[in-house]
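Structural overview for review
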Amino acid sequence: QVQLVESGGGLVQAGGSLRLSCAASGSIFSIATLGWYGQAPGKQREFVASITSGGRINYADSVKGRFTISRDNAKNTVFLQMNSLKPEDTAVYYCDADLQITMTTTYQSYWGQGTQVTVSS
């Protein structure tokens, strides 16, 4: 059983900062890519940032220069430092992990339950 638990969301004024965390636990052999996605009210879930096991990072254009993704492989945890927040960043943020539960299984995607980020103007 694999579980991803996000934390760190909340209400912040425009220009403020938040740091999201997502910890993966359970039967995990290996984690490849870890990512963050945001889903605003009435919209589809969208890519925000990702980081591979080798440290390759990608960001959505809308967050480049403001958000920073990082990971702690020893703790199976991914972080998203969110600076210079804007009202349009308001969304539920989900983490995603591509992982193996054993050495012989294929990589599968697992999702957390989401954490709400609300940015007031």
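See above for the structure.
Our subject in this report is the structure included herewith. All residue numbers refer to position in the chain's written sequence, counted from 1. Reporting in this predicted model follows two pLDDT cut-offs: at least 70 for local features of residues, and 80 or more for side-chain atom pairs to be given and counted; totals over whole chains, interfaces and linings ignore these cut-offs and use all residues. As a rule here, side-chain values cover all heavy atoms of the structure and leave hydrogens and water aside.

1. A word on the pairing of strand β8 (residues 77-82)
Side-chain positions along a regular strand alternate between the two faces of the sheet. Only protein chains enter the calculation, and the probe is 1.4 Å; a residue is then buried if its accessible area is under 20% of its type maximum, exposed if over 50%, and partly exposed in between. What counts as a helix is a DSSP run of H or I of at least four residues, what counts as a strand is a run of E of at least two, and both are numbered from the N terminus. Extensive coverage of β8 is indicated by the burial of five of its six residues. Of the pairings in the sheet, the one linking strand β3 (residues 18-26) to β8 comprises six bridges and is antiparallel in character. Following the sheet pairing, L20 is matched in β8 by L80. Between any two strands, at least two bridges found by DSSP are needed for them to pair. Alignment of strand β7 (residues 67-72) against β8, held across six bridges, turns out to be antiparallel. Bridge pairing in β8 links R71 to V78.

2. A closer look at the sheet that holds strand β1 (residues 2-7)
Within the open sheet, the four strands sit side by side as β1-β3-β8-β7. Their pairing is antiparallel. A single partner strand is all that each edge strand has here, and the edge strands are β1 and β7. Ignoring which end each strand starts from, the neighbouring axes of this sheet average 15° apart. Here an axis means a line fitted to C-alpha atoms, over the contact stretch when the element is a helix, while the angle between two N-to-C directions is reported on a 0 to 180 degree scale.

3. Some thoughts on the layout of surface pockets
A volume near 310 Å³ is recorded for the largest pocket. With a 1 Å grid spanning the protein atoms alone, the term cavity applies to any set of points in which a 1.4 Å probe fits but cannot get out, the term pocket to an open set with protein on both sides within 12 Å along at least five of seven lines, and the term lining residue to any residue with an atom within 4 Å of a point. Contributing to the lining of the largest pocket are 19 residues, with E46, S62, E88, D89 and Y93 lying nearest its centre. Elements with a contribution of two residues or more to the lining of the largest pocket: β4 (30-39), β5 (46-51) and β9 (91-100). Grid points are joined across faces, edges and corners, and a volume is the space filled by probe spheres set on the points.

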